[in-house]
Amino acid sequence: MEGFVPWPPEFARRYRQEGYWLDKTITEVMEESFERFASNPLLVAAQNGRVYSYQECGRLATRLALHLKSLGLKLYDRVILQLPNQPEVLITYLAILKAGGIPIMALPPHQEAEIGFFAKLAEARALVIPAVFRKADKQQMAENIQKEAPSLDMVLVSGGIPRPGYYSLDALFADPIEERIKDPSFPRPDPDLPAVLQLSGGTTGIPKLIPRTHNDYIYNFLCNARVCGLDGHTVLLLAIPQQHNFALACPGFMGVASAGGCEVLSAVPSPDAALEVIEKYRVTHWIAVPAMVIAVLNHPDRSRYHLESLKIILTGGSKLNPEVALRVRPELGCDVQQCLGMAEGPLFWTRLDDPDEVRFGTQGRPQSPGDDFKIADPSTGEEVESGEMGELWCRGPYTIRGYYRAPEYNARAFSPDGYYKSGDLVRLHTSGNVVVEGRLKDCINRGGEKISAEEIENHILAHPAVDICACVAMPDLLLGERVCAFIVPKPGQALTLAELNRFLLEERRIAKFKLPERLELVDALPLTNVGKVNKVVLRNTITEQIEKEGAQAAR
Ligand code: OOB
């Protein structure tokens, strides 16, 4: 497939021989589960309590897949999936796969800038959207994108009335096409080719798409379901967008579905909602970013809720501080399992039988014996001395060998011998686990959601009052980091944060979670001796400033 970098044949041979790659499609693996766990509950919508059995998910996915085929969706057509956390998002995901399409896992808050970019880069055929998301008219967004992306000729809309030429997803789900169709067959995708395009948080001005093949993604979630001990009694709570790799496959929805468990999907990412849902549905496993763990620990009414069912919080996406990790067992009565994960593949997990110091103080070790990692000097690729800090480089049966349609970037992001250079600075703990110490890549990790500094800077530079700018992470007690924009205005010009953000939302049409939350107007930006903006200085400046303000407020 054009734009896809496969594993070299000798690696592929080994991954098959060693049993990591099963040569099945995701649809085949999911359908084995639909049959095996037939009447067991697979999905529960937290907002209305509606339960979908395995059988029903399979039946609805097949129905929608037949509709997609009859609307003209072909093998390997790319479909942007932007629905919020309701069971429809997963059933549509399964349907796209069954019809032979490749879902692009866009996040619900993405706007025209992001979705338009994916549509053009991947020459997407179809787009699945809610009619409205947080007051944004998504059909208007689709129309605007279609003007720029001629490949996009199929728009499916959930809720609301579809515009002329668009299809109602609800009407398709309600229409039993299987009763009248003559040919119920589907083309079978090659398990060695991309099944799903995940999103990279990105570190450059241009977002990247991550091709996950059937073989690699199936191994990813089967292995992860074992490492997290999922089984038929598992009730997993998911309140982060279902499209995230963490939510979909680590172990996520597909891990739960492979083990016979049940997933409760919550559309509300608040600590109150999480506490209510854990109590009401007797949740056993909860996938949560550290910011949410902190919010629940600090929730004033937490003791009012019955959380006895909760066994493990699976946390990752950003670093869980050891002080927070230590509070989980005494205050919430459950274990915490940390994951250093990436949409590009690598998954490091702490294990429940690790000693306390390792469970609380490290971010885990590879989930699979097939994983191969090194802690490298980023400039030479040589392994650093044991215990020294270096960049984490990974290779393995579920770690990609290249981003989709990005050959120039791939030459930098992967070593010649195929390691993915994660951009994370880590240290090897004596236990063999890794500890995340920082990062090389230029992104901001806002509560687990990655924001590319360069991408935001490019949008800010389009503002007429801006001369130069730089975005850096500023520390935040809850989210870990937020975006701070340092801006040198053009002579005689001024700018406020409110005006900047109005511009970014309304004129640049970027997702709201990427907006700067602080603006510092300055006369000049500090430079390094090679003339690049010195972001270390900027990060230190804003960190000191915030500390000073905190001390003043406390006085
Ligand atoms: C997950 O995936 P992405 O692709 O959104 O972000 C990956 C990056 C990592 O390279 C690292 O910088 C950061 O997020 N990260 C962590 C972390 N887990 C991820 N940094 C510190 N401590 C951790 N525990 O975020 C993701 C994918 C699958 C499972 C879990 C998380």
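For the structure, see preceding data.
Residues numbered from 1 in each chain as written. Predicted model: local features only at pLDDT ≥ 70, side-chain atom pairs only at ≥ 80, totals over all residues. Heavy atoms only, no water.

S.K.: Which parts of the structure should I look at to understand the overall build of the protein?
M.R.: Across its full length, the protein holds 18 helices and 27 strands. Compactness check: the protein gives a C-alpha radius of gyration of 23 Å against a globular reference of 24 Å for 555 residues, within 12% of the reference. Within the protein, buried positions represent 59% of all 555 residues. Surface summary for the protein: the accessible area is close to 22,500 Å², and the carbon and sulfur share equals 52%. (Helix = DSSP H or I, 4+ residues; strand = E, 2+ residues; numbered from the N terminus. Rg over C-alpha atoms; globule rule 2.2 N^0.38 Å. Buried < 20%, exposed > 50% of the residue type's maximum accessible area, 1.4 Å probe, protein only. Areas by Shrake-Rupley, 256 points an atom, 1.4 Å probe, with all protein chains shown as cover.)

S.K.: Can you walk me through the site of the ligand in this structure?
M.R.: Near the ligand you find 18 residues, and of these C339, A343, D424, K441 and K450 are the closest. Separating a nitrogen atom of the ligand from a backbone N or O atom of C339 is a distance of 2.8 Å. Backbone polar atom of G341 to an oxygen atom of the ligand: 3.5 Å apart, as the coordinates give it. The protein chains hide 92% of the 590 Å² of surface that the ligand would expose on its own. Within the residue set of the shell around the ligand, elements represented by two or more residues are α9 (245-249) and β16 (335-341). Broken down by element, the residue count for the shell around the ligand peaks at three residues, all from β16. Split into classes, the residues belonging to the shell around the ligand amount to eight nonpolar, six polar and four charged. (Near = heavy atom within 4 Å. Polar contact = N/O pair within 3.5 Å; in protein donor to acceptor, adjacent residues only side chain to side chain. Nonpolar A, V, L, I, M, F, W, Y, C, P; charged D, E, K, R; others polar.)

S.K.: Could you clarify how one ought to interpret the environment of P526 in this entry?
M.R.: Of note, P526 is situated in the loop between β27 (518-521) and α18 (535-554). For P526, a relative accessible area of 26% puts it in the partly exposed group. Sequence spacing of P526 and V537 is eleven residues, and the spatial spacing of their C-alpha atoms is 7.1 Å.

S.K.: Just checking my understanding: could you explain unusual backbone geometry for this structure?
M.R.: Leaving glycine out, the prevailing phi sign among residues is negative, and the prevailing peptide bond configuration is trans. Following C250, the chain continues to P251 via a peptide bond in cis, the omega torsion being -15°. Here P251 shows up in the loop between α9 and α10 (252-259). Located in the positive-phi region is E123, a residue other than glycine, with phi close to 45°. Take E123: it is sitting in the loop between α5 (112-121) and β5 (126-130). Looking at E123, the relative accessible area reads 44%, which means it is partly exposed.

S.K.: Mind showing me how you'd approach the sheet that holds strand β20 (residues 389-395) here?
M.R.: Through backbone hydrogen bonds, the strands of a sheet pair up, either in parallel or in antiparallel fashion. Across the sheet, four strands lie side by side as β19-β20-β21-β22; this open sheet has antiparallel pairing. For this open sheet the edge positions go to β19 (372-376) and β22 (434-439), each flanked by a neighbour on one side alone. The average angle at which neighbouring strand axes cross in this sheet is 45°, direction not considered. Alignment of β19 against β20, held across five bridges, turns out to be antiparallel. (Pairing = 2+ DSSP bridges. Axes fitted to C-alpha atoms, helices over the stretch in contact; angles between N-to-C directions.)

S.K.: In this structure, what is going on with the sheet that holds strand β25 (residues 466-476)? I would like to understand it.
M.R.: Strand order across the open sheet formed by three strands is β25-β26-β27, with mixed pairing between neighbours. Bordering the open sheet on either side are β25 and β27, each of which pairs with just one other strand. Across this sheet, the average inter-strand angle for adjacent strands is 25°, counted without regard to direction. Pairing geometry for β25 and strand β26 (residues 480-489), over ten bridges, is antiparallel. Within the sheet, the bridge partner assigned to D476 lies in β26 and is G480. Strand contacts of helix α16 (residues 453-461): β25 and β26, with the helix running at about 140° to β25, the strand carrying the most contacts. Sheet contacts for α18: β25, β26 and β27; angle to β25, the most-contacted strand, approximately 55°. (Contact = heavy atoms within 4.5 Å.)

S.K.: Quick question: what am I supposed to make of the nonpolar core here?
M.R.: Burial of nonpolar side chains together is a common tendency in soluble globular proteins. Of all hydrophobic cores here, the largest spans 112 residues; its most connected members are I26, M30, Y93, M254, W286 and I313. In terms of nonpolar packing, the next biggest core, distinct from the first, is built from 50 residues, Y76, I104, L199 and F503 among them. (Core = buried A, V, L, I, M, F, W, Y, C linked by side-chain atoms within 4.5 Å.)

S.K.: Just checking my understanding: could you explain the packing of aromatic side chains for this structure?
M.R.: A ring pair, where both rings are aromatic, is described by two values, the distance of the centres and the angle of the planes. Considering all chains together, one arrives at 14 aromatic pairs under this definition. Summarising the aromatic geometry, the rings of F414 and Y420 are spaced 5.6 Å apart at their centres and angled 45° between planes, so their arrangement reads as tilted. One exposure class covers both F414 and Y420, and it is buried. An aromatic cluster of at least three residues, connected via ring pairs, comprises W7, F11, Y15, Y20, W21, Y219 and Y398. A cation over a ring is seen here: K69 above F186, with NZ or CZ 5.3 Å from the ring centre. The side chain of K208 reaches across the aromatic face of Y409, ending 4.3 Å from its centre. (Phe/Tyr/Trp six-rings, centres within 6.5 Å; stacked < 30°, edge-to-face > 60°. Lys NZ or Arg CZ within 6 Å of the ring centre and 35° of its normal.)

S.K.: I tried to follow the pairing of strand β1 (residues 41-45) on my own but got confused; where do I start?
M.R.: Consecutive side chains of a regular strand alternate in pointing toward one face of the sheet and then the other. Of all five residues in β1, four are buried, a share of seventy percent or more. Pairing geometry for β1 and strand β2 (residues 51-53), over three bridges, is antiparallel. Within β2, the residue paired with V44 across the bridge is V51. Here β1 folds back onto β2, and the loop between the two strands holds five residues, one of which, G49, carries a positive phi near 75°. Relative to strand β13 (residues 262-265), β1 runs parallel, the two sharing three bridges. Within the sheet, the bridge partner assigned to V44 lies in β13 and is V264.

S.K.: Explanation requested: the pattern of salt bridges in the structure shown.
M.R.: Pairs may arise between side chains of opposite charge once their charged atoms sit close together. Following the criterion strictly, the structure yields 43 salt bridges and no others. For R163, the salt bridge identified is with D137, shortest N-O distance 2.9 Å. Of this pair, R163 sits in the loop between β8 (154-158) and β9 (167-168) while D137 sits in strand β7 (residues 136-137), and the two are 26 residues apart along the sequence. Assessed through its relative accessible area of 38%, D137 is described here as partly exposed. Shared partners join several salt bridges into a network, and the residues in it are R329, D335, D356 and R359. (Salt bridge = Lys/Arg side-chain N within 4 Å of Asp/Glu carboxyl O.)

S.K.: Please clarify how helix α1 (residues 9-17) should be interpreted in this entry.
M.R.: One turn of the α-helix equals 3.6 residues, which is why residues spaced by three or four share an orientation. Every buried residue belonging to α1 is among F11, A12 and Y15, and all of these are buried. One side of α1 carries all its buried residues, which in axial view fall inside an arc of 100°. Along α1, exposed side chains directed more than 90 degrees from the buried face belong to P9, R13 and Q17. Immediately beyond the C-terminal end of α1, within one or two residues, lies G19, with a positive phi of roughly 85°. (Arc of directions from axis to C-beta.)

S.K.: So what exactly am I meant to see when it comes to the pairing of strand β24 (residues 449-452) here?
M.R.: By the bridge criterion, four bridges tie strand β23 (residues 443-446) to β24 in an arrangement that is antiparallel. Bridging across to β24, R446 finds its partner in E449. With antiparallel pairing between neighbouring strands as the criterion, β23 and β24 make up a hairpin whose turn holds two residues, including G447 at a positive phi of roughly 60°.

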